[in-house]
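Here are the chains, one letter per residue:
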Amino acid sequence: MSDNLYDLLALRFPTDRSRPCFQLPGGAAIAYGDFETRIGRAAAALRSAGVQPGDRVALQVEKSVEAVVIYLAVLKVGAVFLPLNAAYTEAEVNYFLKDAEPALFLRDAQAFLAGAAELPPDLQAERRAAGDLAAIIYTSGTTGRSKGAMLTHGALAANALALHEAWGFTPDDVLLHALPIFHVHGLFVALHCAFLSGCPMVWLNRFDEAAVLEGLSSATVMMGVPTFYTRLLAHPGLTREATAHMRLFISGSAPLLESAFEAFEARAGHRILERYGMSEAVIITTNPLEGERKPGSVGFPLPGVDLRIGGGEETGVIEIRGPSVFSGYWRMPEKTAEEFTADGFFITGDVGRLDGDGRLWISGRAKDLIISGGYNVYPKEVELLLDEQPGVRESAVIGIPHPDFGEGVVAVVEGQGNEATLIAALRSRLAGYKTPKRVIFLDALPRNAMGKIQKALLRQTYADLFR
Ligand code: AMP
């Protein structure tokens with residue numbers, strides 16, 4: 001049997017192919033049957049363009065149904081999908097093209113598919129083994145060379161099946177899809193759960209509070225990044241009535257503030273299910289569907305995932321091994337070897353601890369750890385206290401080169417307030433070396449497209465603060 005992920009997904013499309021797959025704003029819909037035909041035509045077009053199994057196909061387009069058609073067609077012909085953020089500049093794109101050497105680089109999904117409209121659809125998917133590459137996802141690292149995480153058909157299938165089960169998806173679900181699809185969250189996590197259920201998606205090409213609130217009236221599950229939730233909370237339309245049709249709200253890709261979790265429960269009556277993942281392993285842990293979802297914790301490892309804390313202390317770098325872990329960085333064997341332990345665990349670079357129940361609590365990235373005067377400062381500990389202070393919406397604590405301490409703790413705060421008052425309030429609860437030496441107020445913290453606060457950029461911006 002072939003292990004092509006496309007076959008697994010298509011096998012789960014609804015028997016009644018007239019069922020909707022994409023529900024578009026304004027009431028139009030694209031049925032599963034129509035979607036399947038379009039994929040077949042796109043596959044024929046890829047083959048006639050000379051794309052061979054194992055070739056990379058790069059796609060840099062705005063989010064659209066056509067982009068999803070191309071993704072599945074790439075899987076179907078056994079090629080390797082390489083999604084690129086539409087926001088990447090020419091110089092960034094050139095790096096990826098040089099590194100990945102795609103056989104085809106598509107920047108206009110509509111035009112490519114228009115060219116395929118007359119082709120007879122290819123019905124047969126290419127045979128693939130579980131260990132064959134399905135996609136390369138370039139990590140969003142802001143420093144150094146971006147690395148291409150190689151994900152196989154087997155890894156993506158294992159994760160999709162585990163999530164489908166863990167989150168209780170059925171054909172009666174309707175998934176609200178407002179995430180970008182150049183990243184694992186919207187591309188693999190969301191799409192695969194929907195296809196494995198053969199359920200429809202409320203399809204939004206971008207996040208817009210009003211459109212999401214309208215979509216929630218017919219959806220049952222939403223996947224979002226934390227900023228989706230904070231933006232919904234800022235909208236008066238978020239009420240219990242507006243979310244009465246929903247069974248599940250999921251959050252990930254960045255830490256969900258406990259205050260957002262609590263405010264969402266109070267306003268909408270739903271406890272957001274937070275999960276943890278990364279390009280190199282898709283989803284690693286999740287809070288339970290049944291059972292307690294604890295704010296601040298990312299829950300339990302998925303079945304089949306071995307997760308441990310390295311370094312011999314209670315808190316340390318999270319190491320993982322399991323069926324969905326990537327098979328290395330594209331053309332970087334040395335970098336790959338550095339990031340795996342001798343017994344085959346991937347060193348995630350995230351710092352965390354497991355509690356007595358086996359729940360994982362993340363305290364940030366190892367590279368964000370601050371060493372001030374020889375003492376370790378975990379930014380999360382300071383951020384949690386800061387976030388409780390009046391006027392603070394969210395905070396980012398960073399280490400800045402300091403002539404005496406090596407690094408000095410600096411708090412960058414989204415919100416308003418008084419620097420001295422805030423420092424004094426923290427000093428009463430924290431050791432001196434952990435207390436920020438400076439507080440900087442911003443209207444908005446810099447974030448990437450997935451809502452992650454860009455600490456590297458902040459460190460760069462304030463590099464000379466103590467000079
Ligand atoms: P990416 O590869 O771009 O998806 O980024 C993965 C990183 O996002 C992880 O290594 C974590 O640092 C972070 N991340 C993802 N989900 C969570 C979460 N629920 N809580 C905290 N950090 C998260």
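Preceding this section is the structure that the text describes.
Conventions we followed
Residues numbered from 1 in each chain as written. Predicted model: local features only at pLDDT ≥ 70, side-chain atom pairs only at ≥ 80, totals over all residues. Heavy atoms only, no water. Helix = DSSP H or I, 4+ residues; strand = E, 2+ residues; numbered from the N terminus. Buried < 20%, exposed > 50% of the residue type's maximum accessible area, 1.4 Å probe, protein only. Phe/Tyr/Trp six-rings, centres within 6.5 Å; stacked < 30°, edge-to-face > 60°. Lys NZ or Arg CZ within 6 Å of the ring centre and 35° of its normal. 1 Å grid on protein atoms, 1.4 Å probe; cavity = no way out; pocket = protein on both sides within 12 Å on 5 of 7 lines; lining within 4 Å. Points joined across faces, edges and corners; volume = space filled by probe spheres on them. Nonpolar A, V, L, I, M, F, W, Y, C, P; charged D, E, K, R; others polar. Domains from an automatic or database assignment. Core = buried A, V, L, I, M, F, W, Y, C linked by side-chain atoms within 4.5 Å. Contact = heavy atoms within 4.5 Å. Near = heavy atom within 4 Å. Polar contact = N/O pair within 3.5 Å; in protein donor to acceptor, adjacent residues only side chain to side chain. Pairing = 2+ DSSP bridges. Axes fitted to C-alpha atoms, helices over the stretch in contact; angles between N-to-C directions. Salt bridge = Lys/Arg side-chain N within 4 Å of Asp/Glu carboxyl O. Arc of directions from axis to C-beta.

Engineer: For this particular structure, what's the right way to read the environment of Ala162?
Structural biologist: Mapping Ala162 onto the fold places it in helix α6 (residues 153–166). Take Ala162: its relative accessible area is 18%, and that puts it in the buried class. Remark: the alpha-carbon pair of Ala162 and Leu302, spanning 140 residues in sequence, is separated by 7.0 Å.

Engineer: Looking at this model, I keep getting lost on the packing of aromatic side chains. Mind explaining?
Structural biologist: Two measures describe an aromatic ring pair: the distance that separates the ring centres and the angle between the ring planes. Going through the model one piece at a time under the given rule, you end up with 22 aromatic pairs. A ring pair is formed by Tyr95 and Tyr138, whose centres lie 6.4 Å apart and whose planes are at 75 degrees; its orientation type is edge-to-face. Separated by 43 residues along the polypeptide, Tyr95 in helix α4 (residues 90–100) and Tyr138 in strand β6 (residues 133–138) bring together distant segments of the chain. Aromatic side chains Phe340 and Phe346 sit 5.4 Å apart centroid to centroid with 45 degrees between the ring planes, which places their arrangement in the tilted category. The side chain of Lys63 reaches across the aromatic face of Trp203, ending 4.5 Å from its centre.

Engineer: Whenever I open this one, the layout of surface pockets confuses me. Can you help?
Structural biologist: Empty space among the atoms can be located by rolling a probe the size of a water molecule over them. The computed volume of the second largest pocket comes to approximately 500 Å³. Forming the walls of the second largest pocket are 29 residues, and the residues nearest its centre are Leu179, Pro180, Phe182, Asn205 and Ala449. Of all the secondary structure elements, the ones that give two or more residues to the lining of the second largest pocket are α3 (65–76), β4 (80–83) and α9 (226–233). When its residues are assigned to classes, the lining of the second largest pocket shows 20 nonpolar, five polar and four charged. Taken together, domain 1 (5–360) and domain 2 (369–461) each give at least three residues to the lining of the second largest pocket, which thus spans both.

Engineer: What should I look at first to understand the nonpolar core in this one?
Structural biologist: Buried together is how nonpolar side chains tend to be arranged in soluble globular proteins. Of all hydrophobic cores here, the largest spans 120 residues; its most connected members are Phe35 and Phe195. Dropping the residues within four chain positions of it, Phe35 is found in contact with Phe13, Cys21, Phe22, Ile30, Val68, Val69, Leu72 and Phe195. Core analysis: the next-biggest nonpolar cluster, separate from the first, contains 15 residues, Val382, Val392, Val397 and Ala411 among them.

Engineer: Can you help me understand the site of the ligand in this one?
Structural biologist: Near the ligand, the surroundings consist of 15 residues, among which His183, Glu274, Arg275, Ser279 and Asp350 are the closest. Taking His183, its side chain carries an N or O atom lying 2.9 Å from an oxygen atom of the ligand. Here a nitrogen atom of the ligand sits 2.8 Å away from a polar atom, N or O, in the main chain of Arg275. The dominant element in the shell around the ligand, judged by the number of residues it contributes, is strand β12 (residues 273–278), at five residues. Per-class residue counts for the shell around the ligand are five nonpolar, five polar and five charged.

Engineer: Help me out: how do you make sense of the pairing of strand β18 (residues 360–365) in this one?
Structural biologist: Along any regular strand, the residues point their side chains to alternate faces of the sheet. Relative to β18, strand β17 (residues 346–354) is paired through five bridges, and the arrangement is antiparallel. Of the residues in β18, the one forming a bridge with Val351 is Gly364. Between β17 and β18, which pair antiparallel and follow one another directly, the connecting turn spans five residues, one of which, Gly358, has a positive phi of 90 degrees.

Engineer: I'm lost on unusual backbone geometry in this one. Help?
Structural biologist: What is expected of a backbone is that most residues other than glycine have negative phi and most peptide bonds are trans. In this structure, Glu101 is a non-glycine residue whose phi angle is positive, near 45 degrees. Considering the arrangement of structural elements, one finds Glu101 in the loop between α4 and β5 (104–106). The exposure class of Glu101 is partly exposed, given its relative accessible area of 46%.

Engineer: Would you mind showing me how to read the pairing of β4 here?
Structural biologist: Judged by which residues are buried, β4 turns out to be covered on both faces: Val80 and Leu82 on one side and Phe81 and Pro83 on the other are all buried. Across four bridges, the pairing between strand β3 (residues 56–59) and β4 is parallel. Bridging from a neighbouring strand, Ala58 pairs with Leu82 of β4.

Engineer: Can you walk me through the sheet that holds strand β11 (residues 248–251) in this structure?
Structural biologist: For sheets, the rule is that strands pair by backbone hydrogen bonds, running either parallel or antiparallel. The nine strands lie next to each other as β2-β1-β9-β8-β10-β11-β12-β13-β14, forming an open sheet whose pairing is mixed. Here the strands that pair on one side only, and so sit at the sheet edges, are β2 (29–31) and β14 (300–301). Contacts from helix α8 (residues 209–216) reach β8 (175–177), β9 (201–203), β10 (221–224) and β11, with the element oriented near 170 degrees to β8.

Engineer: What am I meant to see in empty space enclosed by the protein here?
Structural biologist: Taken as a whole, this structure holds one cavity of 30 Å³ or more when the rule is applied. Each pocket or cavity is described by its volume, and for the largest cavity that value is around 30 Å³. Secondary-structure elements contributing two or more residues to the lining of the largest cavity are α6 and α7 (184–197). Here the element with the most residues in the lining of the largest cavity is α6; it accounts for four residues. Among the residues forming the lining of the largest cavity, the class breakdown is six nonpolar, two polar and no charged.

Engineer: I'm lost on the pattern of salt bridges in this one. Help?
Structural biologist: By the definition in use, this model includes 27 salt bridges. A salt bridge links Glu381 to Lys434; the shortest N-O distance between them is 3.0 Å. Residue Glu381 is located in helix α12 (residues 379–387), and its partner Lys434 is located in the loop between α13 (419–427) and β23 (438–442); the two are separated by 53 residues in the primary sequence. Across the pair Glu414 and Arg447 runs a salt bridge whose closest N-O atoms are separated by 3.1 Å. Of this pair, Glu414 sits in strand β22 (residues 406–415) while Arg447 sits in the loop between β23 and α14 (455–461), and the two are 33 residues apart along the sequence.

Engineer: Is there a simple way to explain the sheet that holds β17 in this structure?
Structural biologist: Sheet architecture is open: four strands sit in the order β15-β16-β17-β18, paired in antiparallel fashion. Strands at the two margins of the open sheet, each flanked by one partner only, are β15 (306–309) and β18. Recorded for the sheet is a direction-independent mean angle of 45 degrees between the axes of neighbouring strands. Bridge count between strand β16 (residues 316–321) and β17: four bridges; the pairing is antiparallel. Within β17, the position partnered with Val317 by the bridge is Val351.

Engineer: Looking at this structure, I do not really get α13. What am I missing?
Structural biologist: Structural remark: α-helix, 3.6 residues per turn; residues separated by three or four positions point the same way. Taken together, the buried positions of α13 are occupied by Leu422, Ile423 and Leu426. The buried residues of α13 all sit within an arc of 100 degrees when viewed along its axis, so they share a single face. The exposed set on the far side of α13, more than 90 degrees from its buried face, consists of Ala420 and Thr421. Where α13 is buried, its residues touch α12, β21 (392–402), β22 and β23.

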